[in-house]
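Breakdown of the fold
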Amino acid sequence: QGRVSSIRTANQEIRADAVLLSLGIRPRVELARQADLRLGETGAIWVNERMETSAEDVFAAGDCVESTHLISGKRVWIPLGSTANKQGRVVGINVSGGAAVFPGVLGTAIFKVFDFKVAKTGLNMREAEQAGFSPLSAIVRGYSGAHYYPGMKESVLKVIADQKSGRILGAQAVGEGPSDKFIDVISMALLGRMDCSTLGNADLAYSPPFSPALSPVLVAAHVLQNKREKVFEWITADEVKNKLERAADEFVLLDVREEKEVKEKRIPGSLWIPLGQLEENIGKLDNKKEIAIHCHSGARSYKGYLKLKHKGFKNIKNVDGGILCWPEELKGAL
Ligand SMILES: Cc1cc2nc3c(=O)[nH]c(=O)nc-3n(C[C@H](O)[C@H](O)[C@H](O)COP(=O)(O)OP(=O)(O)OC[C@H]3O[C@@H](n4cnc5c(N)ncnc54)[C@H](O)[C@@H]3O)c2cc1C
């Protein structure tokens with residue numbers, strides 16, 4: 001009584017002990033308005049690359065100004081302390097007779113929710129589409145070290161690239177693992193306008209306590225390259241859900257995870273054959289139907305995909321991001 005117990009969204013109810021309301025923020029531009037300075041399209045103060053306002057020799061920096069997004073080229077308002085400090089330096093140099101520029105931002109940001117580190121840089125899929133790109137994404141699981149090393153923590157990494165040029169456009173990471181490291185590395189790739197082939201060969205530090213031998217950043221770049229070169233076909237979890245609901249007769253969702261994982265959670269309507277038993281159970285699969293293969297995050301199901309392809313299956317797809325990307329809470333069932 002008198003305490004919050006859950007929140008109700010359009011399609012589900014989520015139990016909660018506390019609810020945080022994010023009501024949005026606005027730039028404080030009253031002073032600029034009074035001084036008749038130009039405001040930009042975002043509502044924040046317009047400045048040029050020298051951080052000079054529309055009035056000569058009047059400079060502004062920090063949360064009250066808008067910037068240029070280095071990927072989309074659009075004017076954006078992303079007020080962050082990291083940006084304010086760089087802009088302050090540029091203003092300081094310029095007001096004291098120097099010549100410094102602040103080219104813009106990537107929107108790189110990070111925060112922590114309990115043990116979860118949530119980070120992003122560049123554009124997400126929707127923003128990339130709005131900016132005129134044809135975005136592709138790769139979702140991979142990444143550990144803070146080699147998988148056999150004790151105490152490793154995991155983060156899920158999503159990297160976005162342009163289908164046509166291969167240019168890396170953005171990334172997001174979430175989990176207890178090295179979300180910060182993944183995002184900072186990709187932020188550098190964005191600054192250097194790298195494509196997925198260049199990023200896939202980046203020489204990153206490796207030793208078991210610090211990273212898997214093949215960094216998850218590089219794995220994501222390789223997946224993006226494979227997608228661009230159409231090495232395999234894929235399907236999103238949302239598309240799978242749609243097909244199971246609307247065309248279940250012509251569609252098979254094949255789960256290749258281990259028994260322990262299936263007991264924890266399973267997608268209703270899926271056919272379960274562990275990867276190691278796929279070949280001996282191949283007769284259970286109808287190769288006239290469309291088959292989508294999933295595992296936890298997409299790596300084992302890719303092996304399953306290759307096995308089926310080798311056996312002559314044509315209409316097969318790997319589920320992007322696996323069960324990790326399933327849009328609803330799931331229960332276990334054998
Ligand atoms: C809770 C919280 C957490 C945050 N965490 C992060 C983070 O983790 N990472 C990150 O990058 N950013 C973070 N930010 C954003 C970051 O704090 C701001 O982007 C940054 O402080 C902006 O610097 P600024 O100098 O533009 O403005 P401010 O730091 O707000 O400084 C403006 C100053 O001007 C003063 N002032 C206002 N009006 C007048 C006036 N008329 N006369 C004289 N003085 C005036 C104010 O009192 C204030 O001291 C966070 C913000 C909040 C609120």
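Remember, it's a predicted structure, so these values are computed and weren't measured experimentally.

Conventions used here
- Residues numbered from 1 in each chain as written.
- Predicted model: local features only at pLDDT ≥ 70, side-chain atom pairs only at ≥ 80, totals over all residues.
- Heavy atoms only, no water.
- Near = heavy atom within 4 Å.
- Polar contact = N/O pair within 3.5 Å; in protein donor to acceptor, adjacent residues only side chain to side chain.
- Areas by Shrake-Rupley, 256 points an atom, 1.4 Å probe, with all protein chains shown as cover.
- Nonpolar A, V, L, I, M, F, W, Y, C, P; charged D, E, K, R; others polar.
- Pairing = 2+ DSSP bridges.
- Helix = DSSP H or I, 4+ residues; strand = E, 2+ residues; numbered from the N terminus.
- Contact = heavy atoms within 4.5 Å.
- Axes fitted to C-alpha atoms, helices over the stretch in contact; angles between N-to-C directions.
- Buried < 20%, exposed > 50% of the residue type's maximum accessible area, 1.4 Å probe, protein only.
- 1 Å grid on protein atoms, 1.4 Å probe; cavity = no way out; pocket = protein on both sides within 12 Å on 5 of 7 lines; lining within 4 Å.
- Points joined across faces, edges and corners; volume = space filled by probe spheres on them.
- Domains from an automatic or database assignment.
- Buried area = accessible area lost by both parts, 1.4 Å probe.
- Salt bridge = Lys/Arg side-chain N within 4 Å of Asp/Glu carboxyl O.

The next point concerns the site of the ligand. Around the ligand, the neighbouring residues are Gly62, Asp63, Pro79, Leu80, Gly81, Ser82 and Ala84. Interatomic distance of 2.9 Å between a backbone N/O atom of Gly81 and an oxygen atom of the ligand. Across the complex, the protein chains shield 23% of the 1,000 Å² of accessible surface that the ligand would expose by itself. Of the residues contributing to the shell around the ligand, the split by class is three nonpolar, three polar and one charged.

So, about the sheet that holds strand β10 (residues 234-235). By way of backbone hydrogen bonds, the strands of a sheet pair with one another, either parallel or antiparallel. Taken in spatial order, the five strands line up as β10-β14-β13-β11-β12 in an open sheet, and their pairing is parallel. At either margin of the open sheet sits one strand with a lone partner, and together these are β10 and β12 (271-272). Across the sheet, helix α7 (residues 237-246) lies against β10, β11 (251-255), β13 (290-294) and β14 (316-319), angled at about 130° from β11, the strand it touches most.

Among the structural elements, Gln130 can be located in helix α3 (residues 125-130). You can call Gln130 exposed: its relative accessible area is 54%.

Right, let's get into the sheet that holds strand β5 (residues 109-113). Read across the open sheet, the five strands follow the order β5-β6-β9-β8-β7; overall the sheet is antiparallel. The two strands at the open ends of the sheet, each matched to only one other strand, are β5 and β7 (135-143). Ignoring strand direction, the axes of neighbouring strands in this sheet form an average angle of 15°. Of the pairings in the sheet, the one linking strand β6 (residues 116-122) to strand β9 (residues 168-175) comprises six bridges and is antiparallel in character. When the sheet's bridge partners are listed, Gly122 is paired in β9 with Gly170. Packed onto the sheet, helix α4 (residues 179-191) meets β5, β6, β7, β8 (154-162) and β9 and runs at close to 175° relative to β9. Packing against the sheet, helix α6 (residues 216-228) makes contact with β7, β8 and β9, and its axis sits at approximately 150° to β7.

What follows concerns empty space enclosed by the protein. What the rule picks out here adds up to one cavity of 30 Å³ or more. Of the voids in this model, the largest cavity is the one considered here, and its volume is about 70 Å³. Lining of the largest cavity is provided by 13 residues; of these, Gly62, Val65, Ser67, Ile78 and Thr83 occupy positions nearest its centre. It is helix α2 (residues 81-95) that contributes the most residues to the lining of the largest cavity, three residues altogether. Grouping the constituent residues of the lining of the largest cavity by class yields eight nonpolar, four polar and one charged.

With that settled, the discussion passes to the layout of surface pockets. There is about 770 Å³ of room inside the largest pocket. If you trace the largest pocket, you find 31 residues lining it, with Val140, Arg141, Val219, Ser297 and Ala299 closest to the centre. Mapped by element, the contributors of at least two residues to the lining of the largest pocket are β7, α6, α9 (299-310) and β14. No other element matches the six residues that β7 contributes to the lining of the largest pocket. Across the lining of the largest pocket, the residue classes tally to 18 nonpolar, ten polar and three charged. Formed jointly, the lining of the largest pocket draws a minimum of three residues from each of two domains, domain 2 (109-228) and domain 3 (234-325). Of the voids in this model, the second largest pocket is the one considered here, and its volume is about 460 Å³. As for the second largest pocket, its lining consists of 23 residues, and the residues nearest its centre are Ser137, Ile139, Lys158, Asp320 and Cys325. Every element with two or more residues in the lining of the second largest pocket is listed here: β6, α3, β7, β8, β9, β10 and α7. The dominant element in the lining of the second largest pocket, judged by the number of residues it contributes, is β7, at four residues. Here the lining of the second largest pocket is composed, by residue class, of 14 nonpolar, three polar and six charged.

Quick look at unusual backbone geometry now. Positive phi outside glycine occurs at Met51, with the angle close to 70°. Relative to the helices and strands, Met51 is located in the loop between α1 (30-34) and β3 (67-68). One non-glycine residue, Phe114, adopts positive backbone phi at about 50°. Here Phe114 lies in the loop between β5 and β6.

Attention now moves to the domain arrangement of the protein. Domain boundaries in the protein define domain 1 (30-95), domain 2 (109-228) and domain 3 (234-325). Between domain 2 and domain 3, the C-alpha centre-to-centre distance is 25 Å. At the junction of the two partners, domain 2 supplies eight residues and domain 3 supplies eight residues. Approximately 660 Å² of surface area, both sides summed, lies buried where domain 2 meets domain 3, with 62% of it carried by carbon and sulfur atoms. Per-residue buried area on domain 2 facing domain 3 is highest for Ile139, Arg141 and Lys227; these three make up 73% of the total on that side. Linking domain 2 with domain 3 are one salt bridge, by the criterion used here. Here Asp320 ties to Lys227 by a salt bridge, and the two come within 2.8 Å at their closest N and O atoms. On the surface where domain 2 and domain 3 come into contact, there are one residue pair in polar contact (both at pLDDT 80 or more).

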